[in-house]
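Structural features, examined
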Amino acid sequence: MSHGRELVDERDAARRVDEVTSALEQLTAALDEDERLPVILQRVCRQVAHAVPDTELASITLLREGAPYTVAATGDGAALRSARRYTAAQETIEQLRTALSSRAVIDQAKGILMALHRISADDAFGRLVEQSQNTNLKLRDVAEQFVTDVLDNPG
């Protein structure tokens, strides 16, 4: 009785190896074609989902600047596109917040420079840019340090 079960297991394993081999051959053929990367990645996902037993969903997730993002997946494409749009919107919101914050401190530094040295806004901005380049620091960081120094040492 156990000999019959072993034979079934071996046949099942052989069938799965054949399926994986077939999927890899199809994937190799797909990669040999001249296609755009998103199309190739989508094919990879489909092949993985087909080759790996009991797989419901396959996806390829990459990291960009430490943040994960899905570049291809099987399953509900609309949901994934919505998730990507949501993530992109969240990133844009954070970038806008940073930009607004940066602009405020840069404007403060410009105003202080204008008052102290009786110079124009353009000249004040030029001085901040020059200091940023000389110190290899971001303009926002230079402006923030300048404002902090002035507030800490008002005299």
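Rules of the game
- Residues numbered from 1 in each chain as written.
- Predicted model: local features only at pLDDT ≥ 70, side-chain atom pairs only at ≥ 80, totals over all residues.
- Heavy atoms only, no water.
- Helix = DSSP H or I, 4+ residues; strand = E, 2+ residues; numbered from the N terminus.
- Areas by Shrake-Rupley, 256 points an atom, 1.4 Å probe, with all protein chains shown as cover.
- Core = buried A, V, L, I, M, F, W, Y, C linked by side-chain atoms within 4.5 Å.
- Buried < 20%, exposed > 50% of the residue type's maximum accessible area, 1.4 Å probe, protein only.
- Contact = heavy atoms within 4.5 Å.
- Salt bridge = Lys/Arg side-chain N within 4 Å of Asp/Glu carboxyl O.

1. Here we look at the overall build of the chain
A tally of helices and strands in the chain yields five helices and two strands. In sequence order, the secondary structure elements of the chain are arranged as α-α-β-β-α-α-α. Only carbon and sulfur atoms are counted for the fraction: they give 54% of the accessible area of the chain, which is about 11600 Å².

2. Some thoughts on the nonpolar core
By size, the foremost hydrophobic cluster in this structure holds eleven residues: V105, I106, A109, L113, I119, A124, L128, L139, V142, A143 and V147. Of all elements in the fold, only α3 (77-117), α4 (121-135) and α5 (139-152) reach the threshold of two or more residues within this core. Residues in contact with V147, not counting those within four places in the same chain, are V105, Q108, A109 and I112. Residues I40, C45, A58 and I60 belong to the second largest nonpolar core, which totals seven residues.

3. Looking at unusual backbone geometry
Trans peptide bonds make up the majority, and among non-glycine residues the majority have a negative phi. Positive phi, close to 50°, is recorded for R118, a residue that is not glycine. One can find R118 in the loop between α3 and α4. Although it is not a glycine, N136 adopts a positive phi angle of roughly 55°. Mapping N136 onto the fold places it in the loop between α4 and α5.

4. Details of the pattern of salt bridges
This structure, assessed with the given rule, holds four salt bridges. Put simply, D107 and R103 hold a salt bridge, and the shortest N to O gap is 3.5 Å. Of the two residues, D107 and R103 both sit in helix α3, four residues apart, roughly one turn of that helix. Since its relative accessible area comes to 35%, D107 is described here as partly exposed. E144 is paired through a salt bridge with R140; the nearest N and O atoms lie 2.4 Å apart. Here E144 pairs with R140, and both are found in helix α5, just four residues apart, close to one helical turn. Judged by relative accessible area, which is 36%, E144 ranks as partly exposed. Ionic contacts of the salt-bridge type, sharing partners, join the residues R103, D107 and K110 into one network.

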